[in-house]
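Observations on chain architecture
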Amino acid sequence: MPIHTVRDHSHSDIEDIYSTRLSEHGLPKYRMPEGTSEPHAAYALVRDELLLDGNARQNLATFCTTWVEDEVKQLMTEAVDKNMIDKDEYPQTAEIESRCVHILADLWHAEKSWDTIGCSTTGSSEAAMLGGLALKWKWRARREAEGKDTSKPNIVTGPVQICWKKFARYFDVEIREVPLKGDALGLRPEDLRDYCDENTIGVVATLGVTFTGVYEPVEALARELDAIERDLGLDIPIHVDAASGGFIAPFIQRDLVWDFQLDRVRSINASGHKYGLA
Ligand SMILES: Cc1ncc(COP(=O)(O)O)c(C=O)c1O
């Protein structure tokens, strides 16, 4: 059965709008209408405006999922009235979310996948905020325990997606985005020593740089951070922004080591709405 987000109108129902009295009145754009609106007409008007967006199925540019099975739409429609953040009211939704977290932890080789912490977010931007905050708070707790200054945190990255700049601005962290040198397309291990110091809360490695799709070399970055710890005593964790690669690498590049197999990788984000549904 086809699923429609508002009501199940047959094609002829929708066409009817344009030859009936419903079509005689426009709806105001920037204020609430005076009276009630026919759901039928409101649906047709909004649907028609959305045609101006272009055709998502032809959009390969933003690596978002552009097709899903009808069953996915059906589940989404059936869950649209639930406030999923209210875990007490909807414990089974929370349980399914928790299973997904552990399935992903297992997919990404967490040693104790059943004992990992994670959650769903609105997208990888929000996930980056949470990953970044975890890095900041861990760093701050460590510094406070040592009686050291916590006023100047920084985060070291390659050419990151804009969400990391937002993270830095919202949460008062200096972003050290290493400029690309020569023919490099991402963060290189040899860059790290110049940019990391005792105030570095973490390094972001991107698995699928937004602009090129290139995977930054997470394993080599981790090895270099191991060497930095050995030489300078700085223990700097990695967050992997696997917004697009997190659902590709485990299936297509199975031998690539980039995830929780590396001790230094403490957190990972990936987007269900990018390749997660593919
Ligand atoms: C590497 C990377 N991180 C984060 C994001 C932000 O993801 P979202 O749009 O889901 O917030 C993107 C989106 O393009 C991305 O490519």
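All residue numbers refer to positions counted from 1 along the written sequence of the respective chain. Given that the model is predicted, a residue must reach a pLDDT of at least 70 before its local features are reported, and side-chain atom pairs must reach 80 or more before they are shown or counted; all residues, however, enter totals for whole chains, interfaces and linings. Side-chain measures were taken over the full set of non-hydrogen atoms in the model, leaving aside hydrogen atoms and water.

**As for unusual backbone geometry**
Of note, His109 is a non-glycine position whose phi angle comes to about 60°, a positive value. With respect to the helices and strands, His109 occurs in the loop between α4 (91-107) and α5 (124-145). A simple rule labels every residue: compare its accessible area, found with a 1.4 Å probe on the protein chains alone, to the largest value its type can have, and call it buried under 20%, exposed over 50%, or partly exposed in between. In this structure His109 comes out as partly exposed when scored by relative accessible area, which is 41%. Even without a glycine there, the phi angle at Asp172 is positive, about 55°. By the element assignment, Asp172 lies in the loop between α6 (162-170) and β2 (174-177). Secondary structure elements follow DSSP: runs of H or I no shorter than four residues count as helices, runs of E no shorter than two count as strands, and numbering proceeds from the N terminus.

**Section: the domain arrangement of the protein**
Assigned domains within the protein: domain 1 (11-62) and domain 2 (121-276). Note that domain bounds follow an automatic or database assignment of domains. Computed from C-alpha coordinates alone, the two centres of domain 1 and domain 2 are separated by 44 Å.

**Describing the site of the ligand**
Any residue with a heavy atom lying within 4 Å of a molecule or strand is counted as near it. The local shell around the ligand holds 14 residues, among which Ser124, Ser125, Thr210, Asp241 and His273 are the closest. Residue Ser125 places a side-chain N or O atom 2.5 Å away from an oxygen atom belonging to the ligand. Contact distances for the ligand include 2.9 Å between an oxygen atom and a side-chain N or O atom of Thr210. Protein chains shield 85% of the accessible area of the ligand, which is 390 Å² for the free molecule. If you list the elements that add at least two residues to the shell around the ligand, you get α5 and α10 (272-276). As a working rule, the residues Ala, Val, Leu, Ile, Met, Phe, Trp, Tyr, Cys and Pro are called nonpolar, Asp, Glu, Lys and Arg charged, and the rest polar, with Gly in that last group. Grouping the constituent residues of the shell around the ligand by class yields 3 nonpolar, 9 polar and 2 charged. Side-chain atoms alone can form a polar contact between residues adjacent in sequence; in general such a contact is a pair of N or O atoms within 3.5 Å, and within protein one must be able to donate a hydrogen while the other accepts it. Using the Shrake-Rupley algorithm and a 1.4 Å probe, accessible areas are obtained, with residue cover drawn only from the displayed protein chains.

**With respect to the nonpolar core**
Side-chain atoms within 4.5 Å link the members of a nonpolar core, which is a set of buried Ala, Val, Leu, Ile, Met, Phe, Trp, Tyr and Cys residues. Counting residues in each nonpolar core, the largest one holds 24 residues, and the members touching the most others are Leu192, Val203, Val218, Leu225, Ile238, Val240 and Trp258. For this core, the elements supplying multiple residues, two or more each, are β3 (200-206), α8 (218-232), β4 (238-241) and β5 (265-269). For this core, the element with the most residues is α8, which contributes 5 residues. Contact definition: two residues touch when any of their heavy atoms are within 4.5 Å. Setting aside anything within four residues of it in sequence, one finds Leu192 in contact with Val156, Leu187, Val203, Leu221, Glu224, Leu225 and Ile228. Counting residues in each nonpolar core, the second largest holds 13 residues, with Ala128, Trp139, Cys163 and Val173 among its members.

**Some words on the state of the cysteines**
Any two cysteine sulfur atoms within 2.5 Å of one another count as a disulfide. Enumeration according to the criterion identifies 0 disulfides in this entry. In this structure Cys100 is a free cysteine whose sulfur lies 12 Å from that of Cys119, the closest cysteine sulfur available. Assessed through its relative accessible area of 39%, Cys100 is described here as partly exposed. Residue classification places Cys119 among the partly exposed residues on the basis of a relative accessible area of 46%.

**Focus on the pairing of β5**
Extensive coverage of β5 is indicated by the burial of 4 of its 5 residues. Strand pairing follows a simple DSSP-based rule, namely that at least 2 bridges must link the two strands. Pairing between β4 and β5: 4 bridges, direction parallel. Residue pairing in the sheet places Val240 in a bridge with Ile268 of β5.

**Focus: the sheet that holds strand β1 (residues 154-157)**
Overall, parallel pairing links the 5 strands, which are arranged β2-β1-β3-β4-β5 in an open sheet. One side of each edge strand has no neighbouring strand; the edge strands of this open sheet are β2 and β5. Taken pair by pair, the neighbouring strands of this sheet meet at an average axis angle of 25°, ignoring direction. Judged from the 4 bridges that link them, β1 and β3 form a sheet pairing that is parallel. Counterpart to Asn154 in the pairing with β3 is Thr200. In this description, a line fitted to the C-alpha atoms serves as the axis of each element, helices being fitted only across the stretch in contact, and the angle between N-to-C directions of two axes falls anywhere from 0 to 180 degrees.

**Quick look at a nonpolar patch on the surface**
Patches draw on residues past 30% relative accessible area with no salt bridge. Two like charges within 9 Å are joined, as are two nonpolar side chains (Val, Leu, Ile, Met, Phe, Trp, Tyr) within 5 Å. The working definition used for a salt bridge is a side-chain nitrogen of Lys or Arg within 4 Å of a carboxyl oxygen of Asp or Glu. A contiguous nonpolar patch, built from Leu27, Leu45, Val46 and Leu50 and spanning about 340 Å² of accessible area, is present on the exposed surface. The class for Leu27 is partly exposed, based on a relative accessible area of 38%.

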